[in-house]
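Chain and residue survey
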Amino acid sequence: MAGGCSGETAKHMTESFKASDLIITPATTFKEKPDPSGLVFGTVFTDNMLTIEWSLTSGWEKPYIKPLENLSLHPASSSLHYAIELFEGMKAYRGVDGKIRLFRPTLNMDRMARSARRASLPCFDQNELLECIRKLVEVEKEWVPYSTAASLYIRPTLIGTEPSLGVKKPTKALLYVILSPVGPYFASGSFNPISLWADPKYVRAWKGGTGDCKLGGNYGSSVYAQQEALELGCQQVLWLYGEDHQITEVGTMNLFLYWINEDGENELATPPLDGIILPGVTRQSILDLARNWGEFKVSERYITMSDLTVALEENRVKEMFGAGTACIVCPISKILYKGKHLHIPTMENGPQLTTRFLNKLSDIQYGREDSNWAVLVS
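The present account deals with the structure reproduced in this document. (Residues numbered from 1 in each chain as written. Predicted model: local features only at pLDDT ≥ 70, side-chain atom pairs only at ≥ 80, totals over all residues. Heavy atoms only, no water.)

It is worth spelling out the pairing of strand β17 (residues 328-337) at this point. Counting buried residues along β17, nine of its ten residues qualify, which places the element largely inside the surrounding structure. In this structure, strand β10 (residues 194-198) lies alongside β17, joined through five bridges in parallel fashion. By the bridge assignment, Ala198 is partnered in β17 with Tyr337. Judged from the four bridges that link them, strand β16 (residues 317-324) and β17 form a sheet pairing that is antiparallel. Across the sheet, residue Ala323 finds its bridge partner in β17, namely Val329. Taking the residues between adjacent antiparallel strands as the criterion, β16 and β17 are bridged by three residues. Two elements, β17 and strand β18 (residues 340-343), share four bridges in a ladder whose sense is antiparallel. (Buried < 20%, exposed > 50% of the residue type's maximum accessible area, 1.4 Å probe, protein only. Helix = DSSP H or I, 4+ residues; strand = E, 2+ residues; numbered from the N terminus. Pairing = 2+ DSSP bridges.)

Right, let's get into the environment of Lys207. By the secondary structure assignment, Lys207 is in the loop between β10 and α5 (216-220). Given a relative accessible area of 45%, Lys207 falls into the partly exposed group. Residues Lys207 and Tyr241 lie 34 residues apart in sequence; the distance between their C-alpha atoms is 9.8 Å. When near neighbours in sequence (up to four residues on either side) are disregarded, Lys207 contacts Tyr241, Asp274, Ile276 and Tyr302. (Contact = heavy atoms within 4.5 Å.)

With that settled, consider the layout of surface pockets. Taken as a whole, the second largest pocket holds about 410 Å³ of empty space. Lining the second largest pocket are 21 residues; nearest its centre among them are Glu53, Ser72, Leu73, Thr161 and Leu174. Taken together, the elements giving at least two residues each to the lining of the second largest pocket come down to β2 (48-55), β4 (64-67) and β9 (172-182). The greatest single-element share of the lining of the second largest pocket, amounting to five residues, is contributed by β2. Tallied by class, the residues present in the lining of the second largest pocket amount to eight nonpolar, seven polar and six charged. (1 Å grid on protein atoms, 1.4 Å probe; cavity = no way out; pocket = protein on both sides within 12 Å on 5 of 7 lines; lining within 4 Å. Points joined across faces, edges and corners; volume = space filled by probe spheres on them. Nonpolar A, V, L, I, M, F, W, Y, C, P; charged D, E, K, R; others polar.)

A few words on unusual backbone geometry. With omega at -5°, the peptide bond leading from Gly350 into Pro351 counts as cis. With respect to the helices, strands and loops of the structure, Pro351 is situated in the loop between β18 and α9 (352-365). We note that His245 has phi near 55°; this positive angle belongs to a residue other than glycine. Along the polypeptide, His245 turns up in the loop between β11 (236-241) and β12 (246-250). Residue class for His245 comes out buried when judged on its relative accessible area of 14%.

One finds Leu50, Phe124, Leu129, Val137, Ile154, Leu158 and Leu175 to be the most contacted residues of the largest nonpolar core, which totals 39 residues. Those elements giving two or more residues to this core turn out to be β2, β6 (90-94), β7 (100-103), α3 (105-118), α4 (126-139), β8 (151-160) and β9. No other element matches α4, which puts six residues into this core. (Core = buried A, V, L, I, M, F, W, Y, C linked by side-chain atoms within 4.5 Å.)

Before going further, it helps to examine α4. End to end, α4 covers 20 Å across 14 residues, agreeing with the expected 20 Å (1.5 Å per residue, within 8%). Regarding α4, the residues found buried are Gln126, Leu129, Leu130, Cys132, Ile133, Arg134, Leu136 and Val137. Between the side-chain oxygen at the start of α4 and the backbone nitrogen of Asn127 there is a gap of 2.9 Å, and the oxygen is on Asp125. (Expected span 1.5 Å × (residues − 1). Polar contact = N/O pair within 3.5 Å; in protein donor to acceptor, adjacent residues only side chain to side chain.)

A distance of 2.7 Å separates a polar atom in the side chain of His245 from a polar atom in the side chain of Tyr337. Not counting chain neighbours up to four residues away, the residues in contact with His245 comprise Pro200, Leu240, Ile303, Thr304, Met305, Tyr337 and Lys338.

Attention now goes to the packing of aromatic side chains. Applying the stated criterion across every chain yields a total of twelve aromatic pairs. Each ring, one from Phe17 and one from Trp60, has its centre 5.0 Å from the other, and the planes form 80°; the classification is edge-to-face. You can see Phe17 sitting in the loop between α1 (7-11) and β1 (23-24) and its partner Trp60 sitting in strand β3 (residues 59-60), a full 43 residues away along the chain. Here Phe17 matches Trp60 in class, with each residue buried. Ring centres of Phe321 and Phe357 lie 5.9 Å apart, and the angle between their planes is 45°; on these two criteria the pair is classed as tilted. In this pair, Phe321 is assigned in strand β16 and Phe357 in helix α9, connecting sequence segments 36 residues apart. Taken as a pair, Phe321 and Phe357 share a single burial class, namely buried. Through successive ring pairs, a cluster of aromatic residues spans Phe256, Trp293, Phe321 and Phe357. When the ring centre of Tyr146 is taken as reference, the NZ or CZ atom of Arg94 above it lies at 3.7 Å. One cation-aromatic arrangement involves Arg104 over Trp373; the distance from NZ or CZ to the ring centre is 4.0 Å. (Phe/Tyr/Trp six-rings, centres within 6.5 Å; stacked < 30°, edge-to-face > 60°. Lys NZ or Arg CZ within 6 Å of the ring centre and 35° of its normal.)

What follows is the structure, given as structure tokens:
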């Protein structure tokens with residue numbers, strides 16, 4: 001449903017904002033554009049932002065594109081006290097033809113609407129928001145790096161601004177979008193393998209929780225475990241779940257395993273969307289590509305650490321990688337589990353499949369290949 005709303009919630013929705021009402025008063029002083037090769041993820045921001053206010057009494061206000069500025073919030077705002085907020089992550093790419101593209105942005109809008117519902121934040125028309133974002137990227141088009149190793153990261157955010165300490169559904173909210181030019185996500189470079197720390201003592205998400213939504217609380221609570229992983233010489237956390245140590249996600253990415261399964265079949269496997277897995281856009285794209293190729297079995301299935309260790313002993317593991325908007329794909333070479341270093345032979349195997357996904361997706365994103373997944377901004 002375009003509004004991302006249904007039933008009783010819809011009664012409280014006073015018409016979505018409209019992109020046609022957009023008021024653009026852009027910055028008149030401009031920051032220097034950074035060298036795309038030296039960018040650190042999410043530290044540099046463009047000159048302008050998009051803001052749209054909402055209240056229960058008057059619904060959505062008109063959308064504004066205006067100079068990037070600090071927010072003014074009441075100190076009791078519900079987003080600050082109770083994490084009533086959510087965000088999205090998407091990118092704009094400057095193609096080899098000079099055109100600017102978004103990659104499957106409607107999937108981000110769908111997920112943002114689902115997150116809003118789960119966080120008791122107001123609904124909106126996803127198409128209208130996407131058009132506002134397109135306009136913002138158009139205004140900031142010179143900030144989209146002239147590079148096929150960099151992009152413009154887009155961060156739509158929706159926060160509760162209820163000026164009250166009551167734990168309740170907010171009567172005020174703010175939707176805003178900020179933009180940040182980014183290079184490769186990992187400091188080690190864009191395609192070096194990473195090492196993971198797997199320990200069941202920390203859990204990223206649980207059944208009935210919010211792991212399938214992009215809520216800030218899911219991320220803030222993961223930092224402590226991430227620090228421990230770094231102290232143990234690993235770069236990311238491999239999140240486990242349940243008594244059988246199911247493999248769920250890696251850091252902030254979805255996880256894929258390419259192996260010979262228990263039945264002797266070549267299989268690309270990723271955990272199913274059972275409520276604890278974030279439905280990633282890159283995840284969906286990899287599944288869609290692999291199913292379209294039809295060269296091996298593609299499964300959304302449970303994989304436990306026991307399944308993995310047995311497969312490693314029997315030399316059935318080919319490649320293992322994380323997948324997400326920030327990095328596209330990221331090969332995995334090592335897992336520290338129960339005090340032992342498990343070697344994953346991803347790099348020894350090419351990594352053929354991981355590289356193939358990286359090339360295919362970046363060809364679409366940077367316009368080397370035509371696809372209806374790419375939406376032109378300008």
